[in-house]
Amino acid sequence: MYKLKIISSTVRPGRKGPIVAKWITETAQNHGFEVELLDLGEINLPLMNEAVHPIMRQYEHDHSKQWSAKIEEADAFIFVTAEYDYSYPASLKNALEYLVHEWAYKPAGIVSYSAGPFAGVRAVMSLKSDLLSLKTVSLGEMVNIPMLHQFINDENQFVADEKLNTATTLMFNQLLRWTKGMKAIKEDK
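No experiment lies behind these values; they were computed from the predicted model shown.

Caption draft 1: Geometry of the layout of surface pockets. Volume-wise, the largest pocket comes out at about 190 Å³. As for the largest pocket, its lining consists of 13 residues, and the residues nearest its centre are R12, K16, A82, Y84 and Y113. In terms of residue class, the lining of the largest pocket is made up of 5 nonpolar, 4 polar and 4 charged.

Caption draft 2: Highlighting the side chain of K128. Positionally, K128 belongs in helix 5 (residues 121-133). Comment: no salt bridge for buried K128; closest opposite-charge side chain is E141, at 7.8 Å. Here the side chain of K128 touches S138 through a polar contact of 3.4 Å, side chain to side chain.

Caption draft 3: Local environment of helix 3 (residues 62-72). Among all positions in helix 3, only S64, W67, S68 and I71 are buried. Buried positions in helix 3, seen along its axis, are confined to an arc of 100° and lie on one side of it. In helix 3, the exposed positions that point more than 90 degrees away from the buried face belong to D62 and Q66. The inward-facing, buried residues of helix 3 abut strand 1 (2-8), strand 2 (33-39), helix 2 (40-43), strand 3 (76-82), helix 4 (90-97) and strand 4 (106-113).

Caption draft 4: Geometry of the pattern of salt bridges. One pass over the structure, following the stated rule, counts 12 salt bridges. D39 is the partner of R15 in a salt bridge, and the nearest nitrogen-oxygen pair spans 2.7 Å. With R15 in the loop between strand 1 and helix 1 (17-28) and D39 in strand 2, the pair connects residues that are 24 residues apart, well separated along the chain. The partly exposed category is assigned to R15, whose relative accessible area is 21%. The partner of K22 in a salt bridge is E26, with the nearest N and O atoms 3.0 Å apart. Remark: E26 and K22 occur in helix 1; sequence separation between them is 4 residues, near one turn of the helix. Classification of K22 by relative accessible area gives partly exposed; the value is 46%.

Caption draft 5: Local environment of the pairing of strand 1. Of all 7 residues in strand 1, 5 are buried; the element is thus mostly enclosed. As defined by bridge partners, strand 1 adjoins strand 2 across 7 bridges and the pair is classed as parallel. Within strand 2, the position partnered with K5 by the bridge is E36. For the crossover from strand 1 across helix 1 to strand 2, the handedness is right-handed. For strand 1 and strand 3, the ladder comprises 5 bridges, and the chain directions are parallel. In the sheet register, I6 faces strand 3, and the bridge partner there is I78.

Conventions adopted
Residues numbered from 1 in each chain as written. Predicted model: local features only at pLDDT ≥ 70, side-chain atom pairs only at ≥ 80, totals over all residues. Heavy atoms only, no water. 1 Å grid on protein atoms, 1.4 Å probe; cavity = no way out; pocket = protein on both sides within 12 Å on 5 of 7 lines; lining within 4 Å. Points joined across faces, edges and corners; volume = space filled by probe spheres on them. Nonpolar A, V, L, I, M, F, W, Y, C, P; charged D, E, K, R; others polar. Helix = DSSP H or I, 4+ residues; strand = E, 2+ residues; numbered from the N terminus. Buried < 20%, exposed > 50% of the residue type's maximum accessible area, 1.4 Å probe, protein only. Lys, Arg positive; Asp, Glu negative; His and termini not counted. Salt bridge = Lys/Arg side-chain N within 4 Å of Asp/Glu carboxyl O. Polar contact = N/O pair within 3.5 Å; in protein donor to acceptor, adjacent residues only side chain to side chain. Arc of directions from axis to C-beta. Contact = heavy atoms within 4.5 Å. Pairing = 2+ DSSP bridges. Right-handed = clockwise from strand over helix to strand, strands pointing away.

In structure tokens:
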């Protein structure tokens, strides 16, 4: 089985990202992946504090070494991101910038959301650009959730509608296909 890391990007109190991340993690387990949820709110990476550029992989701090190991072992990613001020959260930008090689030649799905009608798509555009510079292939198939609160029930659980479930299945099908192909590319050194 391929190793999928689902990265929940929000860190502030009252965040809804973990609710969405829990739903996509449970859904991923039915799509041929060994799944691990990485919640940046729990991991709590400090602002990048490594003296040597990450391209050198000379990590000084334990949190950097642990983050590197988690990302290195992944075959694929799903980024669960809110839209903050027309972009993705600074916590995710920071987590991406800790590493360089560990992200490379792996596919990524994106699950975006917002409280409004745009479903986080402006965050997606920023994130896709940054992933490209890390040699991470972001899929065209993604899950965009508008008006997030309408999908959270009284038990604080995410409940997808048919449209979101269809988009999720399409994303996972393509993620599995790209994971197989990118694994061959990554191993061809």
